[in-house]
Amino acid sequence: MKKNSLKSRILRNIILSLFMLFFIPITAQVKEDVSISGTILDQTGNPLPGVSVVIEGTNSGTISDVNGLFSIKAPTGTTLTLSFIGMESVTYRVTSPVNDLSITMVDQLTSLDVIVVTGYSSEKKKDLTGAVSVVDVDMIQKAGTPNVLQSLQGTTPGVNIITDGAPGGGNTQIRIRGMSTVNSNQPLYVIDGVPTTENMSSINPNDIESLQVLKDASSASIYGARAANGVIVITTKKGKQGKLNIEFVASSSLQTIAKTFDVLSADQWGQAYFAAQKNDGTTVGHPFYGYESESNPVQFLDADNLVPYSNTDWQNEIYSSSWNQKYALTISNGTEKGSMLFSTSYVNQDGLIDQSFYKRFSARLNSTFNIFDKVTIGENLMLAQWTDRGVTTQDDRGVTYNAMRQHPAIPVKDLNGDYTNPLTIASSDIANPVHELYNNRDDKNQSWRIFGNAFIEIKPIKDLSIKSNIGIEHVQFFTNDFTRKLQTSDINSVYRGYGQGDTWTWTNTAMYGKQLNDHNFNILLGTEAIAYKYEGLSGSGQGYSFDDENFMVLDAASGVRSSGGGITEWGLYSLFGKANYNFKDKYLVSATLRRDATSRLSSDNNSGVFPAFTGAWRITEEDFFPQTNWLSYLKLRAGWGVNGNTDIDNYVIYSTYVNDAASGISINTTGSPDLKWETTTQTNLGLDMGLFNNSLNITFDYYTKNTEDMLTIPPVLASAGQNAARWTNTGNMENKGFELNIGYNSKMYGDFSWAANVNVSKYKNKLVKLNNLVNYTGGDIRNMEGQPIGVFYGYVTDGIFQNEEEVRNHADQQGKGIGRIKYMDLDNNGFINDDDRTVIGDPNPDLTCGLNLDLNYKKFTLSAFFSSELGFDIFNTTKRQLDFMTYGPVATNRGISVLDAWSPTNTGATVPALTLLNTNNETRASTYFIEDGSYVKLKFLRLNYKFDSSILEKLNLGALSLYVQAENLFTITDYSGLDPEIAPFGGSLRGVDNAPYPISRNFIMGVNIKF
């Protein structure tokens, strides 16, 4: 959307003010030095030698002696910081001389002691027996995106996320340990104990306290039928006991286009077109460039002299830089009787493409109350409202594709100020993309989401906790879609749709835990009932006298009107239990059992039982294991489990019919009453290791993941009768892979320390069986037995014919000739035909990697995050338009690459000779369009500064930090397209470049204030 100058001035003043606050030195009055001395003790009362005692903000300090004694002189009003490896740092405010100070330091909470929320319960990370990744929440906060899923990209091994640059991050796909099925592979989300599969774009990232990813069946099986694709568990923040806490976070970012397609100028287009005609041996000439032997552009493109010959950069016309804002406010407090947290956030994100935007407002209220000694009640409630306007991308009729290929000689508007019409000017049905965007200026999607839960927890006796939790999710949307005229013959129309979905979840659990000497166990039993209902209605009208938003209402339509609507429901009832046993903190075992019953299957098959077993051996706790500093922690894990899946239409067990006025009643789909659960079985072997007092931590997992009785729809054998489309249990799929995570936190080197985390993962997917009728589905992009999901299928190219001898000696290939692409005769039958096609590419990466670095010096922290995918293929369909003048309408633009096309004097070219005749069918799917998509990308570089406590005291603040950040600064890749990080195509397929919404390069400045 176009930006007004007032907003720009306001934002500029804010930025200047922040810079002034950051750079202008703050002077303090001279303070008197006083003497501070005392003893430093550990938790057991023993003296601590070697503790560093430093005056904050300076290099002045001392170290405690063998008796824990220290003495230092420091100015009044300053702060002493005491630090020691393995201990929590302590600060002491200097106000007056002290000679008998006693300070106790406590052991530092290591990453192994972190409490992890898993299935309906929580446990220490060191006690985990399954494959669970604990996500660093700081990484979520650092990411500039308002979408939680996008912020996870590259941070967690085994989690693959692909996205585009659309505002709000709505076109984001997440896969945990590859693909389990040919159906939906979306994971289950559990937020404060309430499961959901809705988009996470409405969640405020600042509200998240912790986030875990349950990756294997042994950890996720407690969620049963909905956990085959993994589970992401989110816990939101709560108020903490103490004083009132207020936190305000604000950021402003400049969003810019990182790269555009390199296309021909208007003059270059004429040169290329004439060269193609000469190669074809046809008479040269074009209405825009005259009919002489060489291109000679005309002055006007139309007979009325209203459309001057131009040199339009259409991509520049649809893209514009934009300023985006994010604000979040959190207020919390807590006492022994309870806690309260209120938060609110606002996101305003304008897209790179004009007219596209995303705006979101959200609010949250979390509270708990200890009404009696043994009774606690509470609630977590989120309200979110967002509005967005999207544009069609990742499509050869999308606005990004049209801007790339619209003819550069055509201006955006004619001399009368009207939008130009390529159909009448150039006989091209490729619309003016700027006109398209303007016509969509009133399109809008408005959505609301209410999500939350209320619970009561009772502890009737020691070690027993009984909890009842009711969750609610209400999602509604309202869509306005205006289709205005591009051609005078077009019929304008309007579509309006409304829908709402409601989910109720009632969960009841009982948890009993007991420790008897060296034996520690806990047992969880529970029930869960889920009911979902969706209602939708829509209406459309055609034929309006005016294209005004206020006039284009349904009642004003003079042409065809239509309406529709429907209701759909499903339910799930579950019983589950889990038992954990721990002996001497050495041997840990866990068993889980869940029974799910779904309304989507018939009564004979609607229930499924899903077991899981895990075990772990903490070797470093054994008496025989030597106590060493270099190996401080070692645990082996093993797990096995089964998950189910019925993510299919709600009424597939029943036959459905349609009633047509002309043909009467006919069958639409054939019911499948014998359908049963799709099941996924996983085996996981893992290792957790801590080195050098756990400053270096390593986690490794190897897994196999096999899906049986996969739910598929075989091809319809006939258009009606009992052969109509029908679901069956016929498919099998397997995945195997490994995950490695290495984290390091250095000791303090004076004022400097650093930390790093690297993760590497790999999965290998194979479709073992599709169904009993066919062994593949699709065309150029296929699901084939024996191959990974979504492989590319086509011809193998073998260079370009260089001379007549090569042409004569090659197989019979229609359209072959000098300067044309040569295709390989794979079956050696002397003919190039469909039988010579084969698998030519795999979009699944060999390795997915992430690297996070933090460099700390005094109050500065420099953070960098790199993400990478290696060894995957991209089907670059944009090369059909850019490299070949035979693709699409003739009067559309091409890439600069055609100027280096093959010719008798340029035989080393990779682009074949220019032609307007598609006799060789060179835009067919082939290895010409398959490229290596491997990349390494600097996702963000961030510099953060935390203000000194002396300044905070003057400002009466608890904390203040400023940061500047740059995102997507560079990408290392050999891929020729705009970006190898490509959003899903056709809903779920990855690795197909059809001009998606480009990922932006962002420059951010932000502030974090705590009162």
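In this text the structure is predicted, and so the values were computed from the model without any measurement. (Residues numbered from 1 in each chain as written. Predicted model: local features only at pLDDT ≥ 70, side-chain atom pairs only at ≥ 80, totals over all residues. Heavy atoms only, no water.)

With that settled, the discussion passes to the overall build of the protein chain. The number of helices and strands found in the protein chain is 12 helices and 50 strands. Here the C-alpha atoms of the protein chain give a radius of gyration of 32 Å, agreeing with the 30 Å that 2.2 N^0.38 yields for 1011 residues. Once the C-alpha set of the protein chain is aligned to its principal axes, its extents read approximately 100 × 75 × 65 Å. Taken across its 1011 residues, the protein chain has 51% of its residues classed as buried. (Helix = DSSP H or I, 4+ residues; strand = E, 2+ residues; numbered from the N terminus. Rg over C-alpha atoms; globule rule 2.2 N^0.38 Å. Buried < 20%, exposed > 50% of the residue type's maximum accessible area, 1.4 Å probe, protein only.)

With that settled, the discussion passes to the sheet that holds strand 41 (residues 838–841). One open sheet accounts for four strands, arranged 36-37-38-41; its pairing is antiparallel. Looking along the sheet, the strands with just one partner apiece sit at the ends: strand 36 (776–778) and strand 41. Direction aside, the axes of adjacent strands within the sheet are offset by 50° on average. One ladder, built from three bridges, connects strand 38 (residues 791–794) with strand 41; its direction is antiparallel. Each residue of the ladder has a partner; that of Phe 792, found in strand 41, is Gly 841. (Pairing = 2+ DSSP bridges. Axes fitted to C-alpha atoms, helices over the stretch in contact; angles between N-to-C directions.)

This part is about the nonpolar core. Ranked by internal contacts, the top residues of the largest apolar core, which has 52 residues, are Phe 288, Tyr 289, Leu 301 and Phe 875. Sorting the residues of this core by element identifies helix 5 (266–280), helix 6 (314–318), helix 7 (399–405), helix 8 (422–426), helix 9 (433–439) and strand 40 (821–823) as the ones contributing at least two each. It is helix 5 that contributes the most residues to this core, six residues altogether. If near-sequence neighbours (up to four positions away) are discounted, Leu 301 is found in contact with Phe 288, Val 307, Pro 308, Tyr 309, Ala 409, Ile 410, Pro 411 and Ile 425. Formed by 25 residues, the second largest nonpolar core is a distinct cluster that contains Val 148, Met 200, Ile 203 and Val 347. (Core = buried A, V, L, I, M, F, W, Y, C linked by side-chain atoms within 4.5 Å. Contact = heavy atoms within 4.5 Å.)

Turning our eyes to something else, we now look at the sheet that holds strand 45 (residues 930–932). Spatial strand order, 45-44-49: three strands in an open sheet with mixed pairing. Taken across any chain shown, the strands that pair with only one partner, and hence form the sheet edges, are strand 45 and strand 49 (992–993). Here strand 44 (residues 873–876) pairs with strand 45 via three bridges, running antiparallel. Paired with Asp 873 across the bridge in strand 45 is Asp 932.

A few words on the layout of surface pockets. Here the second largest pocket defines a volume of roughly 740 Å³. As for the second largest pocket, its lining consists of 37 residues, of which Thr 196, Thr 197, Glu 198, Arg 226 and Asp 647 are closest to the centre. Top contributing element to the lining of the second largest pocket by residue count: strand 26 (residues 561–583), with three residues. A breakdown of the residues in the lining of the second largest pocket according to their chemical character gives 14 nonpolar, 18 polar and five charged. (1 Å grid on protein atoms, 1.4 Å probe; cavity = no way out; pocket = protein on both sides within 12 Å on 5 of 7 lines; lining within 4 Å. Points joined across faces, edges and corners; volume = space filled by probe spheres on them. Nonpolar A, V, L, I, M, F, W, Y, C, P; charged D, E, K, R; others polar.)

On to empty space enclosed by the protein, then. Across all of its chains, the model carries seven cavities of 30 Å³ or more by this definition. For the largest cavity, the calculated volume is near 540 Å³. Lining the largest cavity are 35 residues, with Gly 144, Thr 145, Gln 150, Glu 967 and Asn 1002 positioned closest to its centre. Elements represented by at least two residues in the lining of the largest cavity include exactly helix 3 (148–151), strand 17 (242–257), strand 18 (322–335), strand 19 (338–350), strand 46 (935–946) and strand 50 (1000–1010). By residue number, the principal contributor to the lining of the largest cavity is strand 17, which donates four residues. Class assignment for the residues of the lining of the largest cavity results in nine nonpolar, 21 polar and five charged.

All right, on to helix 5 then. An ideal rise of 1.5 Å per residue puts 21 Å on 15 residues; helix 5 measures up with 22 Å between its terminal C-alpha atoms. Within helix 5 the residues assigned to the buried category are Ala 266, Trp 269, Gly 270, Ala 272, Tyr 273, Phe 274, Ala 276 and Gln 277. Of the residues one or two after helix 5, Gly 281 is the one with positive phi, at around 75°. (Expected span 1.5 Å × (residues − 1).)

Looking now at the packing of aromatic side chains. One pass over the full model with this rule turns up 26 aromatic pairs. Summarising the aromatic geometry, the rings of Tyr 512 and Phe 521 are spaced 6.4 Å apart at their centres and angled 45° between planes, so their arrangement reads as tilted. Using a relative accessible area of 29% as the deciding quantity, one classes Tyr 512 as partly exposed. Joined through ring pairs, the aromatic side chains of Trp 269, Tyr 273, Phe 288, Tyr 289 and Tyr 309 make up one cluster. The ring centre of Tyr 795 lies 4.7 Å from the NZ or CZ of Arg 924, which sits over that ring. (Phe/Tyr/Trp six-rings, centres within 6.5 Å; stacked < 30°, edge-to-face > 60°. Lys NZ or Arg CZ within 6 Å of the ring centre and 35° of its normal.)

In this section: the pattern of salt bridges. The full count for this structure, using the stated rule, is 32 salt bridges. With its nearest N and O atoms 2.9 Å apart, the salt bridge here joins Asp 979 to Lys 937. You can see Asp 979 sitting in the loop between strand 48 (971–973) and strand 49 and its partner Lys 937 sitting in strand 46, a full 42 residues away along the chain. Each member of the pair Asp 979 and Lys 937 is classed as buried. (Salt bridge = Lys/Arg side-chain N within 4 Å of Asp/Glu carboxyl O.)

A separate point is the confidence of the model for the protein chain. Per-residue confidence for the protein chain averages 88 on the pLDDT scale, and 94% of its residues sit at or above 70. Low pLDDT, under 50, characterises residues 1–30; the stretch is placed with 30 contacts to residues that sit more than four places away or in other chains. In this model, residues 717–721 is a region of pLDDT below 50 whose contacts with residues beyond four sequence positions or in other chains number seven contacts. (pLDDT = per-residue confidence, 0-100.)

Attention now moves to unusual backbone geometry. Positioned with a positive phi, Gln 355 is a non-glycine residue whose angle comes to about 80°. Its place among the elements puts Gln 355 in the loop between strand 19 and strand 20 (357–372). For Asp 585, which is not glycine, the phi torsion reads 60° and is therefore positive. With respect to the helices, strands and loops of the structure, Asp 585 is situated in the loop between strand 26 and strand 27 (587–598). Owing to a relative accessible area of 33%, Asp 585 belongs among the partly exposed residues under this scheme.

A word on the pairing of strand 13 (residues 188–191). Across the two faces of strand 13 the burial is the same, with Leu 188 and Val 190 and Tyr 189 and Ile 191 all buried. Here four bridges tie strand 13 to strand 16 (residues 231–236), and the two strands are oriented parallel to one another. Its bridge partner being in strand 16, Val 190 is matched across the sheet by Val 233. Where strand 13 and strand 14 (residues 194–196) come together, three bridges link them in antiparallel fashion. What sits directly across from Val 190, in strand 14, is Pro 195. In textbook terms, the turn of a hairpin is the stretch between consecutive antiparallel strands, and for strand 13 and strand 14 this stretch comprises two residues, one of which, Asp 192, has a positive phi near 50°.

Turning to its location among the elements, Thr 620 is positioned in the loop between strand 28 (607–618) and strand 29 (631–645). Since its relative accessible area comes to 9%, Thr 620 is described here as buried. Put simply, Thr 620 and Ile 371 are 249 residues apart on the chain and 43 Å apart in space, counted from C-alpha to C-alpha. Contact partners of Thr 620, with chain neighbours within four places excluded, come to Phe 625, Gln 627, Leu 631, Ser 632, Tyr 633 and Leu 634. At 3.2 Å, the side chain of Thr 620 and the backbone nitrogen of Leu 634 are in polar contact. (Polar contact = N/O pair within 3.5 Å; in protein donor to acceptor, adjacent residues only side chain to side chain.)

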